[in-house]
Structures are given as C-alpha cells and as structure tokens.
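# Residue-level structure breakdown
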Amino acid sequence: MERVAALGGYLPGAKITALGCYVPPGVLTNHDLEKMVETTDQWILERTGIAERHIAPPEMASSDMAVEAAKIALANRGIDAAELDAIIVCTVTPDMLFPATACLVQNRLGAKKAWGFDLVAACSGFIYGMTTAAHLVKAGTHKKVLVIGADTMSRIIDYTDRGTCILFGDGAGAMLVEPTDEADDAAGIGFIGFNNEIDGSGGDYLKQPAGGSRMPATAETVAQRLHYVKQDGQNVFKYAVRKMYENSRDLLERYGYTGKDVKVMIAHQANRRIITAASERLGMTCDQVIINIDRYGNTTAATIPLATRTAIEEGKLKKGDLAIFAAVGAGFTVGVNLWRWAY
Ligand code: COA
C-alpha cells in the first residue's frame with residue numbers, strides 16, 4: 001500500500017463502506033420502443049444487450065434519484081447525513097445548470113457540514129468522483145465523502161432517433177468513502193490506484209450541442225432538436241473498446257496484476273459488446289465481468305454503482321476481492337480505478 005508521510009504520522013488509505021442505488025419504477029421495454037421508432041427487440045438485444053430500461057416519471061429529476069440512493073447508502077452504513085464531510089454529484093443531467101445538484105442534495109439530506117460540487121464527466125463521472133473522494137480521504141482532511149452518480153437521460157434523449165433512444169435509461173447510485181483503519185491497511189484493503197484520462201479531440205462524437213453558453217436555448221435550437229444527445233455510435237464504440245482495455249491493462253500492470261488476478265470487472269454499461277470485447281482482451285472470463293445492461297440500459301454516471309450492486313447480489317464481490325471499475329464516456333473521458341473491496 002502506498003503511504004504518504006504526514007506531519008508526525010502517516011495518512012490513511014480510503015475504502016468504500018456503503019452502497020445505495022435507486023431506479024425509478026417505470027420500465028421502457030424494447031417492445032415499447034418498437035412502437036416509437038423503426039427498430040426491433042431482436043436488433044437491440046443483439047447489438048447492445050439491452051432488453052429494458054427504467055424511466056423517471058415527469059415530476060422526478062436527478063436530485064430526487066440522487067437523494068434516494070444517498071439515503072440507502074447512509075442507512076446501510078448506519079450514519080446520519082450530518083456526518084458527511086463532502087458530497088460529489090456526478091451527472092450530465094443536473095436539475096438545472098445552477099445551483100449545483102450537490103447543493104440540492106445536501107439540503108434535502110440535511111448534510112449540515114458538507115461541502116460539495118457537481119462533476120461533469122459523463123459515463124466516466126462516477127469513477128472520477130470516486131478517484132476524487134479517495135484522494136480527499138487519503139489527504140487526511142475528509143472522513144466521510146459521499147459520491148453519487150445520477151442521470152435522468154430520458155430528459156435529453158431524442159425518442160425519434162433510433163441510434164440513441166434505445167441505449168439509455170435513468171437511475172442513481174451512491175458510495176461512501178472513508179479512511180481505512182489499521183487492520184484494513186495491513187490487509188491492503190481499499191483504494192489502490194487510478195488511470196484516468198481525457199481526450200477532448202473526441203468531443204464532437206458524443207454531445208448535447210445546445211443549452212450552454214456556446215448555443216443558448218432559442219426557439220430555433222429547440223426546433224432543430226439540438227438539446228438532445230447527438231452521437232457517432234461507431235466511433236464511440238471503437239474508442240470505448242480500445243481505451244477501456246488499454247487503460248485497465250496499464251493500471252493492472254502498474255500494480256503487478258493482470259486481468260486474471262481481478263475478481264470482478266465492474267465496467268460502464270454502454271453496450272454489452274464493448275464490455276465483452278474489452279474484458280476478453282484483458283484475458284478475463286465472463287464470470288469475472290458484471291453485466292446488468294439488459295435491465296437498466298446505459299444510465300451514464302449510475303452504471304458503476306448499479307453494476308456493483310449486481311456484483312454483490314450475485315455473490316461475486318466480497319471483502320478482500322480485487323475489483324476494477326472501468327468506463328469511457330463523452331469528452332472523451334476514460335476512468336479506471338482499482339479497489340480492494342472492504343466489506
Ligand atoms: N434498430 C434497427 N436498426 C438500427 C438501429 C436500431 N435501433 N440503430 C441503427 N440501426 C441501423 C443503422 O441505421 C444502420 O443501417 P444501415 O446499414 O442501413 O445504414 C445499421 O443499423 C448499422 O448501424 P451502425 O451504427 O453501424 O450499428 P452498430 O452496430 O454500430 O450499433 C450502436 C449502433 C449505437 C448500438 C453502437 O454503435 C454503439 O453502441 N455505440 C456506442 C454507443 C455508446 O456506448 N454510447 C455511450 C458511450 S458512454
């Protein structure tokens with residue numbers, strides 16, 4: 001374990017101590033989509049692995065799902081929100097541009113002493129949030145950091161565009177990051193390292209063009225459907241496979257591991273074929289890879305916690321297990337974290 005000498009002592013490691021997830025009850029199936037655009041259940045299943053996705057009702061926004069996920073994580077840990085030091089909300093679908101969704105969540109939870117912020121890294125958002133939380137804790141300045149990934153993708157998806165509307169769903173997930181104790185330190189439990197990267201030259205391949213300072217909302221931008229997600233699916237696909245593989249491989253190598261040493265790969269759920277191609281190149285078997293895209297679709301910043309919950313439910317993630325989180329998203333952003341699971 002990496003240790004940093006501090007004034008008069010050593011700084012702690014960081015471990016994940018709780019998880020909470022929330023998806024809205026409404027479900028949109030492939031068969032429902034067959035009635036909306038020219039597509040088929042079979043095409044969607046074969047090309048993406050998705051069968052259905054959850055969709056938030058009109059009155060529900062990202063902060064509402066974030067609060068539900070956060071409450072579950074706090075209840076699982078048995079602590080009050082007032083104990084939180086910081087809240088990081090990873091989202092590309094904030095309730096509004098400002099104030100930050102983190103402020104709305106902080107207020108609703110009653111997290112009286114927490115500061116926080118929103119983090120915009122699309123599908124890599126949760127991993128960037130976890131990397132940040134781990135370092136806040138390792139610095140010795142924070143004891144309880146809550147990272148939330150929450151996205152209401154259905155609000156920015158064009159349900160006349162069959163290339164994108166089949167892919168996305170709504171949901172939220174939260175993880176609590178805290179310092180390791182001595183026993184955990186000795187066992188090497190917690191955050192091991194990261195290999196994050198951005199490549200802004202890929203920005204045009206996946207974006208929501210209007211609604212910011214470059215192209216503010218006008219009747220024309222609405223008429224041209226520029227507030228919806230635009231994507232070059234094939235270029236995103238190729239980049240995602242390559243970088244999910246390369247950044248994971250390099251991170252594992254840095255710590256003396258290969259794909260075979262990993263208990264579970266918790267990959268961003270964008271397309272089953274992306275996850276399979278990347279994990280096969282890492283030498284992993286399907287037993288090591290968590291897939292729940294069939295039930296949730298791509299929930300952007302929420303896929304990593306949702307897939308972690310699936311890993312726990314399937315008995316594939318237990319204390320001491322080596323887990324790699326990996327994602328590629330709009331930007332392009334790439335996020336890879338290595339953790340040894342703590343509970
Ligand atoms: N139903 C039926 N046909 C569809 C379709 C749909 N929902 N969407 C596209 N098609 C058609 C295309 O129009 C094209 O038809 P054509 O050959 O007559 O022109 C054909 O299927 C193949 O299209 P293509 O774009 O090559 O398909 P694909 O195999 O690349 O799959 C995606 C499309 C979007 C599923 C895939 O590119 C993908 O998943 N990309 C990554 C997306 C992603 O991960 N985004 C988020 C990143 S975090």
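Residues numbered from 1 in each chain as written. Predicted model: local features only at pLDDT ≥ 70, side-chain atom pairs only at ≥ 80, totals over all residues. Heavy atoms only, no water.

Another point: the overall build of the protein chain. For the protein chain, the count of helices and strands is 12 helices and 16 strands. Relative to the 2.2 N^0.38 estimate, which gives 20 Å for 343 residues, the radius of gyration of the protein chain is 19 Å and therefore close to what a compact globule would have. Taking the principal axes of the C-alpha coordinates as reference, the protein chain spans close to 60 × 45 × 35 Å. The buried share among the 343 residues of the protein chain stands at 55%. Contacts spanning at least 24 positions in sequence make up 77% of the contacts within the protein chain whose residues lie at least 6 apart. About 14400 Å² of surface is accessible on the protein chain, with carbon and sulfur atoms providing 54% of the total. (Helix = DSSP H or I, 4+ residues; strand = E, 2+ residues; numbered from the N terminus. Rg over C-alpha atoms; globule rule 2.2 N^0.38 Å. Buried < 20%, exposed > 50% of the residue type's maximum accessible area, 1.4 Å probe, protein only. Contact = heavy atoms within 4.5 Å. Areas by Shrake-Rupley, 256 points an atom, 1.4 Å probe, with all protein chains shown as cover.)

Attention now goes to the nonpolar core. Met244, Met265 and Ile324 are the most contacted members of the largest nonpolar core, which totals 46 residues. Residue assignment for this core shows that the elements contributing at least two residues are helix 9 (233-254), strand 14 (264-267), helix 10 (272-281), strand 15 (322-329) and strand 16 (333-340). In terms of residues, this core owes the most to one element, helix 9, which gives 8 residues. Among the domains, domain 1 (4-187) and domain 2 (190-340) are the pair contributing at least three residues each to this core. With residues up to four places along the chain from it excluded, the contact list for methionine 244 reads Met265, Ala267, His268, Ile274, Ala278, Ala326, Ala327 and Val328. Counting 39 residues, the second-largest nonpolar core is a separate cluster that includes Phe126, Met130, Ala134 and Val147. (Core = buried A, V, L, I, M, F, W, Y, C linked by side-chain atoms within 4.5 Å. Domains from an automatic or database assignment.)

Between helix 9 and helix 10, the least distance of the axes is 8 Å, while the angle of their chain directions is 35 degrees. Crossing geometry of helix 9 relative to helix 10 is assigned as right-handed. Between helix 9 and helix 10, the residues in contact are Phe237, Ala240, Val241, Arg242, Met244 and Tyr245 and Arg273, Ile274, Ala277, Ala278 and Arg281, respectively. (Axes fitted to C-alpha atoms, helices over the stretch in contact; angles between N-to-C directions. Left-handed = near helix turned anticlockwise from the far one by under 90°.)

On to the sheet that holds strand 6 (residues 86-90), then. Judged by pairing direction, the sheet is mixed, and its 5 strands sit side by side in the order 3-9-8-6-7 without closing on themselves. A single partner strand is all that each edge strand has here, and the edge strands are strand 3 (14-22) and strand 7 (115-119). Here the strands of the sheet are splayed against their neighbours by 15 degrees on average, with no regard to which way each runs. Relative to strand 9 (residues 170-179), strand 8 (residues 145-152) is paired through 8 bridges, and the arrangement is antiparallel. (Pairing = 2+ DSSP bridges.)

This brings us to the confidence of the model for the protein chain. When pLDDT is averaged along the protein chain, the result is 96; 97% of the residues meet or exceed 70. Taken together, the stretch residues 1-7 has pLDDT below 50 and engages in 16 contacts with residues farther than four places along the chain or on a different chain. (pLDDT = per-residue confidence, 0-100.)

Entries for the protein chain in the domain assignment read domain 1 (4-187) and domain 2 (190-340). With centres defined by C-alpha atoms, the gap from domain 1 to domain 2 works out at 14 Å. With 54 residues of domain 1 in contact, the opposing surface of domain 2 contributes 48 residues. Both faces combined, the contact of domain 1 with domain 2 buries some 3800 Å², and carbon together with sulfur accounts for 63% of it. Run the count over domain 1 and domain 2 and you get 2 salt bridges. Notably, a salt bridge pairs arginine 225 with aspartate 158, separated by 3.0 Å at the nearest N-O pair. Within the residue set of the side of domain 1 that touches domain 2, elements represented by two or more residues are strand 3, helix 2 (41-48), strand 5 (52-54), helix 5 (125-138), strand 8, helix 6 (162-165), strand 9 and helix 7 (182-187). Here the element with the most residues in the side of domain 1 that touches domain 2 is helix 5; it accounts for 8 residues. Considered class by class, the residues forming the side of domain 1 that touches domain 2 number 29 nonpolar, 13 polar and 12 charged. (Buried area = accessible area lost by both parts, 1.4 Å probe. Salt bridge = Lys/Arg side-chain N within 4 Å of Asp/Glu carboxyl O. Nonpolar A, V, L, I, M, F, W, Y, C, P; charged D, E, K, R; others polar.)

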